[in-house]
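Here's the letter readout for the chains.
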Amino acid sequence: TSRDMPMRREKLAQALAQCAVVDKVYPSCTNFLLLRINANHPVDRLCEQLLMNKILVRNCATIPGLEQKNCMRVQVLGEKGNRRLAIQMESIVET
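Because the structure is a prediction, the values reported are computed rather than measured. (Residues numbered from 1 in each chain as written. Predicted model: local features only at pLDDT ≥ 70, side-chain atom pairs only at ≥ 80, totals over all residues. Heavy atoms only, no water.)

Okay, unusual backbone geometry next. The backbone phi angle of Lys54 is positive, close to 60°, even though this residue is not glycine. Here Lys54 lies in the loop between helix H2 (43-52) and strand S3 (58-59). Positioned with a positive phi, Asn70 is a non-glycine residue whose angle comes to about 55°. Looking at where Asn70 falls in the secondary structure, it is placed in the loop between S3 and strand S4 (71-75). (Helix = DSSP H or I, 4+ residues; strand = E, 2+ residues; numbered from the N terminus.)

Here we come to the pattern of salt bridges. Taken as a whole, this structure holds three salt bridges when the rule is applied. The salt bridge partner of Lys11 is Glu79, with a shortest N-O separation of 3.9 Å. In this pair, Lys11 is assigned in helix H1 (residues 5-17) and Glu79 in helix H3 (residues 79-94), connecting sequence segments 68 residues apart. The partly exposed category is assigned to Glu79, whose relative accessible area is 48%. Between Arg83 and Glu79 there is a salt bridge, with the nearest N and O atoms lying 3.4 Å from each other. With Arg83 and Glu79 both in helix H3 and four residues apart, this pair spans about one turn of that helix. (Salt bridge = Lys/Arg side-chain N within 4 Å of Asp/Glu carboxyl O. Buried < 20%, exposed > 50% of the residue type's maximum accessible area, 1.4 Å probe, protein only.)

Attention now moves to the sheet that holds S3. Taken in spatial order, the four strands of this open sheet run S1-S2-S4-S3, and their pairing is antiparallel. Edge strands, defined here as strands with exactly one partner in the open sheet, are strand S1 (22-25) and S3. Two strands pair when backbone bridges link them, and strand S2 (residues 32-37) and S4 are joined in this way by five bridges, in the antiparallel orientation. Residue pairing across strands places Leu34 opposite Arg73, the latter belonging to S4. Sitting on the sheet, H1 touches S1, S2 and S4, and the angle it makes with S2 is about 10°. Contacts from H2 reach S2, S3 and S4 within the one sheet, and its direction differs from that of S4 by about 30°. (Pairing = 2+ DSSP bridges. Contact = heavy atoms within 4.5 Å. Axes fitted to C-alpha atoms, helices over the stretch in contact; angles between N-to-C directions.)

Once that is clear, we can look at H2. Taken residue by residue, H2 has Val43, Leu46, Cys47, Gln49 and Leu50 as its buried positions. Along the long axis of H2, the arc covered by the buried residues comes to 160°, so they all point the same way. For H2, exposure combined with an orientation more than 90 degrees from the buried face picks out Glu48, Leu51 and Met52. Count one or two residues on from H2 and you reach Lys54, which has phi positive near 60°. (Arc of directions from axis to C-beta.)

Printed below as a string of structure tokens:
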């Protein structure tokens, strides 16, 4: 429900901040999080790898002001979907 969105968003932000590939999770008041990915992991490649695992994220390379920032946007989902995203983000780094 929308009432527990802030809690799910914070929990996802904390989990993603622990991923080696993530340099920064930007604060948000929406059901999306903006992530800056570290330079060792090009965001376009990361987005492709997530898509191969049936996880759709937004590559922000075409958004004015974010072109050179190596950023992507993820949607805050339910607990199961959020956990799956965090696990996939961490496992991609290990491969």
